[in-house]
Amino acid sequence: MRGRDHHFVTNVTSLLICGLLAGIAVAAAAFPAVAMSGLAAKAGSEGFASLPSELKQATAPQLTRVLASDNKTPIAVFYDEFRSDVPLKDISVNMQNAIVSAEDHEFYKHNGVDLKGAARAAVSNSGKKNSKQGASTLTMQLVRMSLSYSATTPQEVVDATKDTPTRKITEMKYAMQIEKELTKQQILERYLNAAPFGNGAYGIYAASQVYFRKAPKDLTVPEAALLAGMVKAPTGFDPTTAIGYPKALDRRNWVIGNMRDLGYITPQAATDAVKVKLGRTTQRTGNGCAAVKSNSWGFFCDYFYRWWLGRPEFGSNSYDRERRLKSGGYRIQSSLDLKAQAAARENIADQIGIKDRDALLLAAVQPGTGRVRALAANRRFKLDDGHNKLSSDPAKKKKNIRGSYPNTTNPLLTGGGDITGYQAGSVFKMFTMVAALENGFPLAYPINTTYRYKSGYRDSGSPAGCGGYYCPSNASKSEKGPYNMWTGFGSSVNTYFVPLEERVGADKVVDVAERFGIQFRAPQDQDLATHYAKDWGAFTLGVSASTPLDMANAYATLAGDGKYCTPTPVQQITTHSGEKLDVGKPNCRQVVDKDVARAALDAARCPVGDSAQLGSCHGSTAGAAHGIVGHPIFGKTGTTDNDKTASLIVGTRTMVVAGYLVNPDYQNHPYRLRHDVVNPAVEKTLRDVMKGKPRLQFKRPSGDKIAQGEQHSIPGVECMSVAAATARLENAGFTATPGAEVESGCPKGQAAGTEPSGRTIKGGYVSIQISKGTKEKDKPGGNTPGAPR
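Source: prediction; values computed, not measured.

Draft legend 1. Representation of the packing of aromatic side chains in the model. Overall, the coordinates contain 24 aromatic pairs when judged by the stated rule. Ring centres of tyrosine 422 and tyrosine 660 lie 6.3 Å apart, and the angle between their planes is 80 degrees; on these two criteria the pair is classed as edge-to-face. Here tyrosine 422, found in strand 10 (residues 422-423), pairs with tyrosine 660, found in strand 22 (residues 656-662); they are 238 residues apart in sequence, far enough to count as distant. A relative accessible area of 1% means that tyrosine 660 is categorised as buried. An angle of 90 degrees between the planes, with centres 5.7 Å apart, marks the rings of phenylalanine 634 and phenylalanine 698 as edge-to-face. Of this pair, phenylalanine 634 sits in strand 20 (residues 634-639) while phenylalanine 698 sits in the loop between helix 26 (675-690) and helix 27 (705-708), and the two are 64 residues apart along the sequence.

And the structure:
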């Protein structure tokens with residue numbers, strides 16, 4: 001009974017509409033204005049309200065474009081519907097004429113509703129089960145699409161598209177109001193930008209790209225006729241399917257005939273257009289980071305995508321933010337520097353292949369802005385299609401788990417998801433140096449090191465433990481004796497930086513690292529940083545996980561005069577309406593005094609073969625870097641225990657490049673990774689980026705005290721006993737220990753002098769030189785034993 005009742009109501013309603021429209025049509029012949037006002041009075045039992053806002057401002061979902069930093073080169077597009085609005089002036093007149101010829105011959109004559117056509121359709125459709133004669137004008141169709149796109153619930157979508165008399169009346173009402181508020185050209189533009197054309201193409205821009213790989217302004221008559229003919233039923237008239245091809249051909253030729261009959265083209269042009277062969281293929285534009293224009297841009301694109309999903313400005317949750325990205329029509333000028341990216345990828349390829357189990361990861365950051373300029377790896381940015389090698393981790397290999405090579409979409413360079421980072425080793429010593437400088441220790445602060453050092457940090461059985469304490473050692477047994485920050489950082493002396501960390505406080509070192517952007521993604525690292533920072537003795541040696549992007553940006557903080565800038569993948573975001581957003585612009589804050597940053601950077605010139613301005617470098621771990629780059633540089637190498645990773649960071653005032661060589665699938669592997677793989681890639685990438693750019697010298701601190709500290713005179717101890725010399729030096733406030741034997745006029749075994757001599761830092765280390773003894777010689781004018789110098 002319910003079904004019969006429904007059909008009864010529907011049929012009655014259709015008959016009423018039929019009678020109404022038939023009467024209006026007669027009146028309209030003589031009094032069009034009366035017809036319009038009559039329909040307004042009768043169709044809805046109430047006058048036309050003003051248009052709802054979703055129709056006034058209706059914008060169909062738009063694709064978002066991501067461009068390189070040159071604001072020209074496309075990187076990727078994101079969309080739910082492949083669509084991008086274009087102005088009518090950029091749409092071929094052929095297309096404008098074709099859509100009118102296909103869908104609404106009276107478009108330029110009616111006021112939103114084709115009354116005669118509507119009456120015919122109402123009569124034809126009433127009571128006929130399979131009859132679906134149209135009569136919706138272009139304006140009415142635009143209303144339907146706009147209501148559908150603005151729907152916020154599934155039911156609203158159904159209501160906007162369901163073929164019912166109520167929906168039809170609503171469309172008529174709004175169509176007539178639209179005609180009052182918009183010109184025919186504006187309506188046609190909106191329609192062509194909203195219409196679906198099949199094969200994932202929405203709007204004329206997308207359709208032109210998908211079917212013909214050209215701009216809408218370049219569409220020919222047969223091309224425009226095909227597209228116009230598809231709007232009625234995009235799937236049914238799809239020329240790429242066996243069933244749809246002949247229908248599409250017939251429909252296209254029918255539209256061409258209409259264009260001829262309506263006077264839009266000549267009979268000869270119509271004859272020529274019909275002869276044009278109809279293609280069967282499409283070329284859909286890729287969506288998202290998996291379809292970047294160059295595969296080497298994939299990791300940067302993925303970083304951008306993850307960054308966007310983390311921004312609260314684009315929605316309260318990741319789902320809403322993704323919808324905004326894929327439907328908002330943004331134009332995004334990214335920070336990707338094509339020259340830097342190409343250099344990074346090429347120099348990686350010179351060192352290691354994509355099928356290697358080890359990953360060489362390079363990140364480049366601009367100091368002072370945080371803009372990420374390059375992210376490159378010896379990996380294809382691609383989901384594993386079953387061809388990846390089995391994991392190099394034996395436990396995973398037994399379970400047939402595949403590794404991340406050659407294909408992966410994991411954020412290897414930036415972290416996120418399961419990627420917490422990698423131990424990068426001694427590059428973390430920079431944080432200890434900064435903390436020491438902040439707390440009054442100058443660059444010249446000396447420590448008399450030993451090959452192995454027993455610290456005061458407790459140890460729970462690690463390989464570096466001894467008697468329950470943390471006891472790190474140096475890379476070479478020859479690394480011992482007095483070092484300062486220049487020489488200790490240059491030679492990467494572990495037993496200089498662990499005692500320095502003790503004196504400063506490990507918690508202060510951890511605090512510097514946090515201020516410089518280290519995130520402690522691994523739960524164990526987060527626990528240590530939060531609850532046990534004071535006892536984290538190994539922190540200075542880089543045992544906490546980090547990523548190349550983390551450390552490139554941390555070192556960029558030094559080059560930026562102590563300003564930490566949140567890493568960003570964008571330079572400018574512009575909305576579909578042309579509004580420029582501030583989101584993603586440099587977000588910087590001073591995290592350390594600029595003199596501290598400049599002093600630390602001065603010592604950081606030593607490891608990479610450059611010369612310090614405030615002191616002297618003795619030793620380097622990447623000495624070739626300065627000659628390769630050809631600019632003033634700073635940086636640091638890093639390795640972990642048994643060389644399970646190898647890292648290098650090198651920077652100038654305008655760019656910092658960090659490189660890690662790691663096994664992301666099996667970090668606790670048993671083999672050694674080599675600096676002769678990572679170092680050349682980093683050094684040559686920075687060289688290529690800086691080619692042709694001015695050589696900018698680093699800035700000096702405002703005074704010398706941060707470098708040399710408070711200087712005190714060293715008392716003379718020549719020819720005193722070692723015990724007496726030690727007592728005299730310690731009474732003067734220095735730390736004294738016996739040093740090397742030297743030729744001297746003093747008796748053998750007695751103090752011959754000190755190293756350094758003259759003046760040194762207050763509380764600093766002074767080595768007592770021991771006399772080897774010589775033949776008795778009186779030297780007039782010589783030093784009086786024990787006299788001050």
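Draft legend 2. Fine view of helix 14 (residues 298-309). For helix 14, which comprises twelve residues, the first-to-last C-alpha distance of 16 Å matches the rise-based estimate of 16 Å (1.5 Å per residue) to within 8%. Taking burial as the measure, the twelve residues of helix 14 include eleven buried ones, the bulk of the element. Taken residue by residue, helix 14 has Gly298, Phe299, Phe300, Cys301, Asp302, Tyr303, Phe304, Tyr305, Trp307, Trp308 and Leu309 as its buried positions.

Draft legend 3. Summary view of the sheet that holds strand 18 (residues 580-581). The five strands are arranged 2-1-5-17-18 in an open sheet whose pairing can be described as mixed. Unpaired on one side and paired on the other, strand 2 (74-78) and strand 18 mark the two borders of the sheet. Sheet analysis places strand 1 (residues 64-67) next to strand 5 (residues 331-334), joined by three bridges and oriented parallel. Residue pairing in the sheet places leucine 67 in a bridge with glutamine 333 of strand 5.

Draft legend 4. View of the environment of lysine 508. Structurally, lysine 508 is set in helix 21 (residues 506-515). Along the backbone, lysine 508 and alanine 435 are 73 residues apart, and their C-alpha atoms lie at a distance of 6.2 Å. Residues in contact with lysine 508, not counting those within four places in the same chain, are Ala435 and Asn439. A distance of 3.1 Å separates polar atoms of two side chains, one belonging to lysine 508 and the other to asparagine 439.

Draft legend 5. Structural context of the confidence of the model for the protein chain. Per-residue pLDDT for the protein chain has a mean of 88; in total, 87% of the residues score no lower than 70. Confidence drops under a pLDDT of 50 for residues 128-133, and excluding neighbours within four residues, the segment shows eight contacts in the predicted structure. Low pLDDT, under 50, characterises residues 777-789; the predicted model gives this stretch 15 contacts beyond four residues in sequence or across chains.

Draft legend 6. Focus on the packing of helix 4 (residues 93-103) against helix 12 (residues 244-261). For the pair helix 4 and helix 12, the least separation of the axes is 9 Å and the interaxial angle reads 100 degrees. Classed by the angle they form, the pair helix 4 and helix 12 counts as roughly perpendicular. Each of Asn94, Asn97, Ala98, Ser101, Ala102 and Glu103 in helix 4 lies in contact with helix 12, whose residues at this interface are Arg251, Trp254, Val255, Asn258 and Met259. Tallied by class, residues from the contact of helix 4 with helix 12 come to five nonpolar, four polar and two charged.

Draft legend 7. Quick look at the pattern of salt bridges. For the structure shown, the criterion picks out 26 salt bridges. In this structure, glutamate 322 and arginine 323 form a salt bridge, with 3.8 Å as the shortest nitrogen-oxygen distance. Owing to a relative accessible area of 22%, arginine 323 belongs among the partly exposed residues under this scheme. With a closest N to O distance of 3.3 Å, aspartate 385 and lysine 382 form a salt bridge. Look at aspartate 385 and you get partly exposed, because its relative accessible area is 39%. Ionic contacts of the salt-bridge type, sharing partners, join the residues Asp80, Glu322, Arg323 and Lys326 into one network.

Draft legend 8. Structural view of the side chain of arginine 605. Among the secondary structure elements, arginine 605 is positioned in the loop between helix 24 (594-603) and helix 25 (625-629). What makes arginine 605 buried here is its relative accessible area of 3%. A distance of 3.3 Å separates the side chain of arginine 605 from the backbone oxygen of serine 611, its partner in a polar contact. In this structure the side chain of arginine 605 is engaged in a polar contact, spanning 2.9 Å, whose partner is the side chain of glutamine 697. In this structure, arginine 605 is in contact with Asp610, Ser611, Gln613, Pro632, Ile633, Phe634, Gln697 and Phe698, ignoring residues within four places of it in sequence.

Draft legend 9. Molecular detail of the sheet that holds strand 6 (residues 359-365). Sheet architecture is open: five strands sit in the order 7-6-22-21-20, paired in antiparallel fashion. The strands lining the two open edges of the sheet, one partner per strand, are strand 7 (372-377) and strand 20. Averaged over all pairs of adjacent strands, the angle between their axes in this sheet comes to 10 degrees, without regard to strand direction. Relative to strand 22, strand 6 runs antiparallel, the two sharing seven bridges. Each bridged residue has a counterpart across the sheet, and for alanine 364 the counterpart in strand 22 is valine 657.

Draft legend 10. Geometry of helix 4. Judged by how many residues are buried, helix 4 sits mostly within the fold: nine of eleven residues are covered. Buried within helix 4 we find Met95, Gln96, Asn97, Ala98, Ile99, Val100, Ser101, Ala102 and Glu103. On its buried face, helix 4 is in contact with helix 6 (138-149), helix 9 (184-194), strand 3 (196-198), helix 10 (203-212), helix 11 (221-230) and helix 12. The opening residue of helix 4, the one whose side-chain oxygen lies 3.0 Å from the backbone nitrogen of asparagine 94, is serine 92.

Rules of the game
Residues numbered from 1 in each chain as written. Predicted model: local features only at pLDDT ≥ 70, side-chain atom pairs only at ≥ 80, totals over all residues. Heavy atoms only, no water. Phe/Tyr/Trp six-rings, centres within 6.5 Å; stacked < 30°, edge-to-face > 60°. Helix = DSSP H or I, 4+ residues; strand = E, 2+ residues; numbered from the N terminus. Buried < 20%, exposed > 50% of the residue type's maximum accessible area, 1.4 Å probe, protein only. Expected span 1.5 Å × (residues − 1). Pairing = 2+ DSSP bridges. Contact = heavy atoms within 4.5 Å. Polar contact = N/O pair within 3.5 Å; in protein donor to acceptor, adjacent residues only side chain to side chain. pLDDT = per-residue confidence, 0-100. Axes fitted to C-alpha atoms, helices over the stretch in contact; angles between N-to-C directions. Parallel < 35°, antiparallel > 145°, perpendicular 65-115°, else oblique. Nonpolar A, V, L, I, M, F, W, Y, C, P; charged D, E, K, R; others polar. Salt bridge = Lys/Arg side-chain N within 4 Å of Asp/Glu carboxyl O.

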